[in-house]
Amino acid sequence: MSTPSPTPTPAPACRHFGTCGGCQTLDQAYEAEVRDKEQSLRALFEGGGIASSTVRPLLSAQAPEGYRTTLKVPFAGYRGEPQAGFYRAGTHEIVNLEECAIQHPALVELLQIARELAAECRVSMYHEARQSGVLRALAARVGQGTGALLVGLVVRRADDRRVAQMAQKLYYGMRRRGLVGVVENHHDQASNAFFGKVTRVLHGEGRLPETFDGLQVQTSLTSFSQSNHTDAETVYRVARELLEPVANKTITELYSGWAPLGLRLAAAGAKLFCVEQSKIAVRDGQRNAKDNGLSDRISFCAMDAAHGLLQAPPSDAVIVDPPRKGLDEMVRIGLQRGPAPHLVYISCNPVTLLRDIEALADRYQLESIQPVDLFPRTPHVECVASLRWRNGS
Ligand SMILES: C[S@@+](CC[C@H](N)C(=O)[O-])C[C@H]1O[C@@H](n2cnc3c(N)ncnc32)[C@H](O)[C@@H]1O
């Protein structure tokens, strides 16, 4: 009997692969990546005592390349020329990005034009070690369902004449290609945080128009947004299916962002109490709720998740969607009191998900875990877990 030949390994479709830290598995066939991810997830969860039957097969990405609708890259000067791109893995050295297999092509083009304009306008580049220069970074997003573009220039100092010139040329040059606005974010701290606290509009709109499920929203560049719209839809669909029937349910959503999931659930008839620490995301969520006639179905609490949980109304379900570090200890303690019979946990880090499932095990029984490949060509995976009160809770 002949052995099946292994899946052929393609040549990586990007000249930066291997030096740039933006993606890690472009040299693998996508089917092999899915298989490897699924195997390592199963090994992790089984090692934590979770029955294999509880973990559903990984849902692969709909488009494993060109999917990233958010771009966030630092700028720096090299031999008098602006450079912009992801850091070389494990360093703060920029790989000057000329192409990218995972970014949306419109964002790669926008970056190239912005870099050329930075050179043409002789914008001074930020120097991290010396804390000098002006232009630190560029952030841009493509709007879901609209294809509109919004760009932000992160600067160490406001009111720089050359940045103003660059921004103007960028806006008027790209308007016909869907650029709706240029904003400037002020960041004068020596920290690794990408954005500073203050953002102002330089040209056009300050928020990106997006549309999904019959809803029309606008989102700020500094509010968290999923970077893979297409597969984020799968994550939200899985969460919603777990919560069915949704109509008339009272749901508390912690770490809600501007509530892309909460708005969908409110539109389906649920009543949402959303907790999010970013005031900008909360403002976006409130405006979007109002613009879509959902203000009476969704309310927001601009607070840390642990404090917000204390203010939550009695709920049929709690949704949590924390950052990679998982639930804060005080949130775990709050959830151990079992505020709702159903807990839907959306996680971008299976290691902290497993830790939190174990910490909540006295109160909640794990029902299922659905992995979704939200981050193809990287080692990361999103999971949606469903947990219910144990009998007698
Ligand atoms: C992974 S994002 C999820 C956002 C949203 N659910 C979505 O799908 O776009 C995590 C969110 O939690 C917020 N966050 C982080 N730490 C928090 C905390 N301690 N309390 C409340 N929100 C927090 C972040 O600002 C971010 O919006």
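Small disclaimer: the values here were computed from a predicted structure and weren't measured.

> Looking at this structure, I do not really get helix 1 (residues 30-47). What am I missing?
Side chains that are three or four residues apart share a direction in an α-helix, a result of its 3.6 residues per turn. Compared with an ideal rise of 1.5 Å per residue, which puts 18 residues at 26 Å, helix 1 spans 26 Å between its outermost C-alpha atoms and is within 8% of the ideal. Within helix 1, burial applies to Glu33, Val34, Lys37 and Phe45. Take helix 1 and look down its axis: the buried residues cluster within an arc of 100°, on one side only. Looking at helix 1, the residues exposed on the side facing more than 90 degrees away from the buried face are Glu31, Gln39, Ala43 and Gly47. Of the surrounding elements, those touching the buried residues of helix 1 are helix 9 (350-359) and strand 14 (364-372). The first or second residue beyond helix 1 is Gly49, which carries a positive phi of 85°.

> What exactly am I supposed to notice about the sheet that holds strand 1 (residues 70-78) here?
Backbone hydrogen bonds hold the strands of a sheet together, and the pairing may be parallel or antiparallel. If you walk across this open sheet you meet the 6 strands as 2-1-3-4-5-6, and the pairing is mixed. What marks the edges here is a single partner per strand, and that holds for strand 2 (81-84) and strand 6 (198-204). If you compare each strand with its neighbour and ignore which way they point, the axes differ by 25° on average. As defined by bridge partners, strand 5 (residues 179-186) adjoins strand 6 across 6 bridges and the pair is classed as antiparallel. Among the inter-strand pairings, Val183 is bridged to a residue of strand 6, identified as Val201. Helix-sheet contacts for helix 2 (residues 105-120) involve strand 1, strand 2, strand 3 (135-142) and strand 4 (149-155), and the interaxial angle to strand 3 is about 150°.

> Explanation requested: the site of the ligand in the structure shown.
By nearness alone, 20 residues border the ligand, and Phe224, Tyr255, Gly257, Gln277 and Ala305 come closest of all. At the level of secondary structure, the elements contributing two or more residues to the shell around the ligand comprise helix 5 (260-267) and strand 10 (271-276). Class assignment of the residues belonging to the shell around the ligand gives a composition of 10 nonpolar, 6 polar and 4 charged.

> Help me out: how do you make sense of the packing of helix 4 (residues 229-243) against helix 5 in this one?
At a minimum axis separation of 11 Å, helix 4 and helix 5 run at an interaxial angle of 45°. Relative to helix 5, the element helix 4 lies oblique. Read as a crossing pair, helix 4 and helix 5 show a hand that is right-handed. Contacts between helix 4 and helix 5 involve Tyr236, Ala239, Arg240 and Leu243 from the former and Pro260, Leu261, Arg264 and Leu265 from the latter. Partitioning the contact of helix 4 with helix 5 into residue classes produces 6 nonpolar, no polar and 2 charged.

Calculation rules
Residues numbered from 1 in each chain as written. Predicted model: local features only at pLDDT ≥ 70, side-chain atom pairs only at ≥ 80, totals over all residues. Helix = DSSP H or I, 4+ residues; strand = E, 2+ residues; numbered from the N terminus. Expected span 1.5 Å × (residues − 1). Buried ≥ 20, exposed ≤ 12 C-beta atoms within 10 Å, placed from the backbone. Arc of directions from axis to C-beta. Contact = placed C-beta atoms within 7 Å. Pairing = 2+ DSSP bridges. Axes fitted to C-alpha atoms, helices over the stretch in contact; angles between N-to-C directions. Near = placed C-beta within 6 Å. Nonpolar A, V, L, I, M, F, W, Y, C, P; charged D, E, K, R; others polar. Parallel < 35°, antiparallel > 145°, perpendicular 65-115°, else oblique. Left-handed = near helix turned anticlockwise from the far one by under 90°.

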